[in-house]
Amino acid sequence: MPETRPARVLVVDDTEPARYATARTLQRAGFTVVEAGSGEEALRQIAEGGIDAVVLDIKLPDISGLEVCRTIKRDHPDIMVLQLSATFVSSGDRIKGLDSGADYYLGQPVEPAELVATLGALMRIRAAEAAVRLSEARFRAIAETMPQVVWSARPNGTYEYFNSRWYAYTGMPPGTLSTAAARQGWCAAVQTDDQARVTNSWLHSLASGEPFEMECRLRSGDGSYRWFLARALPIHNEAGAIIRWFGTCTDIEDIINAREVLARSQTELEAMVAVRTREIAEANERLRHERAFSELLVASSADGIIAYDDDLRYTLWNKAMERISGLSASNALGRTVGDLLPFLRGEPEQAMRRVLQGETAHMRDQRYTFADSGREGWLEADCTPLRATNGEIIGAIAFIRDITERRAVEEQLRQTQKLEALGQLTSGVAHDFNNLLSAILGNLDLIRKHLPASNSDLTHLLDLALQGAERGQTLTQRLLAFARRQDLRPGLVDIPQLLVGMRELIQRSIGPTITIELRLADDLEPACVDANQLELAILNLAVNSRDAMPAGGALVIAADNLVVGDREQLAPSPGHYVCLSITDNGTGMDEKTMARAVDPFFTTKGPGKGTGLGLSMVHGLAAQSGGFLRLHSRIGVGTTVEILLPRAVVRRPRRVDSEQMPAMKSGRLTVLLVEDDWLIALSTQAMIEDLGHVVHTATSATKALDLLRSGPTFDLVLTDQAMPGMTGVELAGHIRRQWPGLPVLLATGYAELPMLSAAELPRLAKPFRQDDLAAAIYQLMQQVQTKRR
Ligand SMILES: Nc1ncnc2c1ncn2[C@@H]1O[C@H](COP(=O)(O)OP(=O)(O)OP(=O)(O)O)[C@@H](O)[C@H]1O
Ligand SMILES: [Mg+2]
């Protein structure tokens, strides 16, 4: 604060004139003057206050001027003291005066101008000192109120001042600036790790005068460390020299922590983002896989899969559905359920709506017709709601199985079972009938043989009877074939060879208006079947085709290898087959005709024209040979009949070459005939005797064994197979054990012989004619002779 009032000067002198003169001089110079005549008075006046300077005479009556000066300076150091000495002073006096605290010393007599000038100078000094004290006080006030540590240092770096925060933080006793630690100042509190960095930087600032700034950890009184920002700025004088450094240390621990937390959370955040990004990428990848997988499932499913939305519009239509419906997905998607499948209108559509409410719906044996393609058939469907992950229903999905084929197969299976039952019934009748025919034919043959050639009328009648009986025989053959009770001789059959061989015959049977094309696979495997019966079957089929193509057409006979899987229900077992098919482009059959075509006696050809046994026979042959029959037909398009025969795996059996057989004379043999049917027995006996042999007849196997033991020596046993008690095969077994060399010929119309033993026995198919019998006996005896040789 600048001085506004004139300085107030106390003039102390015990000599009144001198005091007066001095006072006057000062008053004239503008000072306010008070006076005191003694030391005591002077001190009292000073104690009252308001005195800026004292002009003090050394010599006082009561207290010495030096003492007064000391007291003033002790109690009021800001009061300027100018000592006036006696007339003559030595330099020792001057020293004493200044030592007592006086600010200046003048010797008497004093020139008034010198006194005024000296006092003016002293007052200026006082004002300057007051200003410094004030600024110092201000600085301290500010420094103490600041929330930071504040310090100052000399240009050489020694510390002058620390505010109380420093002492509070470090725990050092206030004002201890002289200790070694204090001399190092705040640098002593810097954490060891930071020390070199901080000290170097501070020394650099001291040397260069550049401002100092650094972050470091400072030790607190309790030994813990906190982060501080240390800063220092140089203060220059007018000449530009540094006179002082001012510094602060600001606690930034919280900022550092916050910064660290921030940095940490930023890294954590980044790590979390990276993890999440990876998880999302993985989830996406999984989703892509799952999607691809489910798309693959949907696309490759054999079942039709469709989905529809709330408006009952298709949102999914897979490949299988395209196949079933004949409609592409692009055609179906977006269209409504009832629009595309008119048969769903009404109740089924209601059920499909209820699925959207959470129910399920099932359809069984539903007939279908697709709107655009006109595809028809039968289906089964299961429909369930389609839910989002939160459970909300977002549509429905349905799995659709086309059961058209299955139904057809089931139908065929029913048909097969029906045929099986019919076959059993038929076989019984045919068997008896066969026996009767055997007797009739046998006897007619004999009568004809012995009838004189001249009797032509009788011969003619006899021939008619024979023809009738022969037709009856063909009929029973077909019946037995259908009933699968034929006496088959299966063997390796080279089908191409067989077909090429019969081509002529077929062409003759079907006439010139129908062309024949053979399509034969190069690598065709041989089939295992009775060749003669197969030829008969092919002829039957060719004739059926001819009848279906009255105006001519094309007949394709094809043969190929075929592997049949376990889905083929008609097949007796899965495996390798040879498929022989006969295709025509004739009238074809409607469903009803197809369903019954194989039934015995079913014919559409009118009474007397067809027996209805053709397909029955073919079917029976295929089944008995271990194969099966398949029919495909469309009205107006044509018919394909497929005979599937098992691929041959057995070796071709040695065949007796009948063409090289010499005249069938075997000499006179003693034959044991075993036959339970007396009619057959008599007729057969007549045939054998007519061949010149001796016959003994037994009506059962047991009786035959008796005869063998007790009777004549036999050359040959001819036995029926089907007999009550012991069968022909069983009898043959006994004979082989007890009379090993005795040949046995088995007469049978049945094919259900135990195959192993039957294969070893020579056989004669019933009904047989005398020629057949003669050939069989001849062959057998030839074999016996070859063995004996
Ligand atoms: N290729 C075909 N094309 C059209 N219909 C056929 C064909 N084959 C068979 N059929 C039908 O099946 C019926 C039964 O045939 P199957 O061969 O069993 O007896 P059929 O031919 O009528 O009499 P048969 O064989 O004694 O002359 C036939 O009457 C005919 O209606
Ligand atoms: Mg026919």
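Source: prediction; values computed, not measured.

### With respect to the UniProt feature "domain: PAC" (unreviewed entry) in the chain
Here the UniProt feature "domain: PAC" (unreviewed entry) sits at residues 212-264 and 362-415. Across residues 212-264, helical content stands at 23% and strand content at 57%; the span's end C-alpha atoms are separated by 29 Å. A helix fraction of 22% and a strand fraction of 56% characterise residues 362-415, whose end C-alpha atoms lie 29 Å from each other.

### Digging into the confidence of the model for the chain
On average, the chain scores 85 in pLDDT, and the residues at 70 or more come to 93%. Strand β22 (residues 638-646) holds the highest mean pLDDT among the elements of the chain, 95, whereas helix α23 (residues 755-760) holds the lowest, 52. This stretch, residues 650-664, has a pLDDT under 50; its non-local contacts, to residues over four places away or in other chains, come to 13 contacts.

### Brief notes about the domain arrangement of the chain
Domain assignment breaks the chain into domain 1 (8-137), domain 2 (146-251), domain 3 (301-402), domain 4 (488-646) and domain 5 (663-788). Taking the mean C-alpha position of each, domain 1 and domain 4 sit 158 Å from one another.

### Overview of the nonpolar core
In globular proteins that are soluble, nonpolar side chains generally tend to be buried together. Residues Ile495, Ile506, Leu534, Ile538, Leu555, Leu580 and Ile643 are the most contacted members of the largest nonpolar core, which totals 43 residues. Ile643 has contacts with Leu534, Ala537, Leu541, Val578, Cys579, Leu580, Val618, Ala622, Phe628 and Leu629, leaving out every residue within four places of it along the chain. By size, the runner-up hydrophobic cluster in this structure holds 29 residues, among which are Leu312, Leu344, Tyr368 and Ala398.

### Considering helix α20 (residues 678-690)
Its 13 residues place the ends of α20 18 Å apart at the C-alpha level, agreeing with the 18 Å of an ideal helix rising 1.5 Å per residue. All buried positions along α20 are accounted for by Ile680, Ala681, Ser683, Thr684, Met687 and Ile688. Between the side-chain oxygen at the start of α20 and the backbone nitrogen of Leu679 there is a gap of 3.0 Å, and the oxygen is on Asp677. Just beyond α20, the residue with positive phi is Gly692, at close to 100°.

### Overview of the packing of aromatic side chains
Any pair of aromatic rings gets described here by the distance separating the centres and the angle formed by the planes. Per the stated rule, a full pass over the model turns up 13 aromatic pairs. Ring centres of Trp202 and Trp245 lie 5.4 Å apart, and the angle between their planes is 80°; on these two criteria the pair is classed as edge-to-face. Here Trp245 lies in strand β10 (residues 242-251) and Trp202 lies in helix α8 (residues 192-208), a separation of 43 residues in the sequence. Like Trp202, the residue Trp245 is buried in the burial classification. Through pairs of rings, three or more aromatic residues link up here, namely Trp151, Tyr159, Phe162, Trp166, Tyr167, Trp202, Phe212 and Trp245. For the cation-ring pair, Arg407 lies above Trp378, with the distance from its terminal atom to the ring centre recorded as 3.6 Å.

### Remarks on the packing of helix α14 (residues 404-450) against helix α15 (residues 456-482)
Relative to each other, α14 and α15 sit at 155°, their axes nearing to 8 Å. Put simply, α14 runs roughly antiparallel to α15. In this structure, α14 meets α15 at a crossing whose hand is left-handed. Considered class by class, the residues forming the contact of α14 with α15 number 16 nonpolar, eight polar and four charged.

### Comments concerning the site of ligand 1
In the neighbourhood of ligand 1, 21 residues make up the surrounding shell, with Asn544, Thr603, Thr604, Lys605 and Thr611 lying closest. Here an oxygen atom of ligand 1 and a side-chain polar atom of Thr611 are 2.5 Å apart. Between a nitrogen atom of ligand 1 and a side-chain N or O atom of Thr639, the distance comes to 3.4 Å. Contact with the protein chains covers 93% of the free accessible surface of ligand 1, which is 580 Å². Elements with a contribution of two residues or more to the shell around ligand 1: α17 (531-548) and α19 (614-624). Top contributing element to the shell around ligand 1 by residue count: α17, with three residues. When its residues are assigned to classes, the shell around ligand 1 shows six nonpolar, twelve polar and three charged.

### Considering the sheet that holds strand β11 (residues 304-308)
On the basis of which strands lie adjacent, the open sheet formed by five strands has the order β12-β11-β15-β14-β13 and antiparallel pairing. The sheet terminates laterally at β12 (314-317) and β13 (361-369), the two strands that pair on one side only. Neighbour-to-neighbour, the strand axes of the sheet open up by a mean angle of 25°, direction not taken into account. Relative to strand β15 (residues 393-402), strand β14 (residues 376-387) runs antiparallel, the two being bridged by nine bridges.

### Considering the pattern of salt bridges
Evaluated as defined, the whole model comprises 43 salt bridges. Between Glu213 and Arg231 there is a salt bridge, with the nearest N and O atoms lying 3.0 Å from each other. Placement of Glu213 in strand β8 (residues 212-219) and of Arg231 in strand β9 (residues 225-236) is noted, with a sequence separation of 18 residues between them. Between Asp463 and Arg448 there is a salt bridge, with the nearest N and O atoms lying 2.6 Å from each other. Highlighted residues: Asp463 in helix α15 and Arg448 in helix α14, separated in sequence by 15 residues. What makes Asp463 partly exposed here is its relative accessible area of 26%. When its relative accessible area of 35% is taken as the criterion, Arg448 is described as partly exposed. Here the residues in one salt-bridge network are Asp303, Arg364, Glu380, Asp382, Arg401, Arg406 and Glu410, joined through shared partners.

Conventions and cut-offs
- Here the residue index of a chain counts from 1 through its sequence in written order.
- Lettering of chains starts at A and numbering of ligands starts at 1, both following the order in which they are written.
- pLDDT decides what is reported in this predicted model: residues at 70 or higher carry local features, side-chain atom pairs at 80 or more are listed and counted, and totals for whole chains, interfaces and linings draw on all residues regardless.
- Hydrogens and waters are ignored; side-chain quantities use all the structure's heavy atoms.
- UniProt positions are given in the numbering used here, feature names are shortened, and annotations may be inferred rather than shown by experiment.
- In this description a helix means any DSSP run of H or I spanning at least four residues, a strand means any run of E spanning at least two, and both kinds are numbered starting from the N terminus.
- Residue-level confidence of the predictor, termed pLDDT, takes values from 0 up to 100.
- Whether two residues are in contact is decided by their heavy atoms: any pair within 4.5 Å suffices.
- Bear in mind that the domain bounds are from an automatic or database domain assignment.
- Here, nonpolar core refers to any group of buried Ala, Val, Leu, Ile, Met, Phe, Trp, Tyr and Cys residues whose side-chain atoms link them within 4.5 Å.
- A simple rule labels every residue: compare its accessible area, found with a 1.4 Å probe on the protein chains alone, to the largest value its type can have, and call it buried under 20%, exposed over 50%, or partly exposed in between.
- Here the expected span of a helix is defined as 1.5 Å times the quantity of residues minus one.
- Two N or O atoms count as a polar contact when they lie within 3.5 Å, although within protein this holds only if one can serve as hydrogen donor and the other as acceptor, and sequence-adjacent residues are included solely when both atoms are side-chain atoms.
- A pair of Phe, Tyr and Trp rings is counted when the ring centres sit within 6.5 Å of each other, with Trp represented by its six-membered ring. The angle between the planes then sorts it: under 30 degrees is stacked, over 60 is edge-to-face, the rest tilted.
- Criterion for a charge above a ring: Arg CZ or Lys NZ at most 6 Å from the ring centre, at most 35 degrees from the ring normal.
- Here an axis means a line fitted to C-alpha atoms, over the contact stretch when the element is a helix, while the angle between two N-to-C directions is reported on a 0 to 180 degree scale.
- When an angle is under 35 degrees it counts as roughly parallel; over 145 it counts as roughly antiparallel; between 65 and 115 it counts as roughly perpendicular; any other value is oblique.
- We call a crossing left-handed when the near helix sits turned anticlockwise from the far one by less than a right angle, and right-handed when that turn is clockwise.
- Note on residue classes: Ala, Val, Leu, Ile, Met, Phe, Trp, Tyr, Cys and Pro are nonpolar, Asp, Glu, Lys and Arg are charged, and everything else, Gly too, is polar.
- Only a single heavy atom is needed: when it lies within 4 Å of a molecule or strand, its residue is near that molecule or strand.
- Per-residue accessibility takes into account occlusion by the displayed protein chains alone, with areas from the Shrake-Rupley method and a 1.4 Å probe.
- Here, a strand pair is defined by DSSP locating no fewer than two bridges between the strands.
- Salt bridges are defined as contacts in which a side-chain nitrogen from Lys or Arg sits within 4 Å of a carboxyl oxygen from Asp or Glu.

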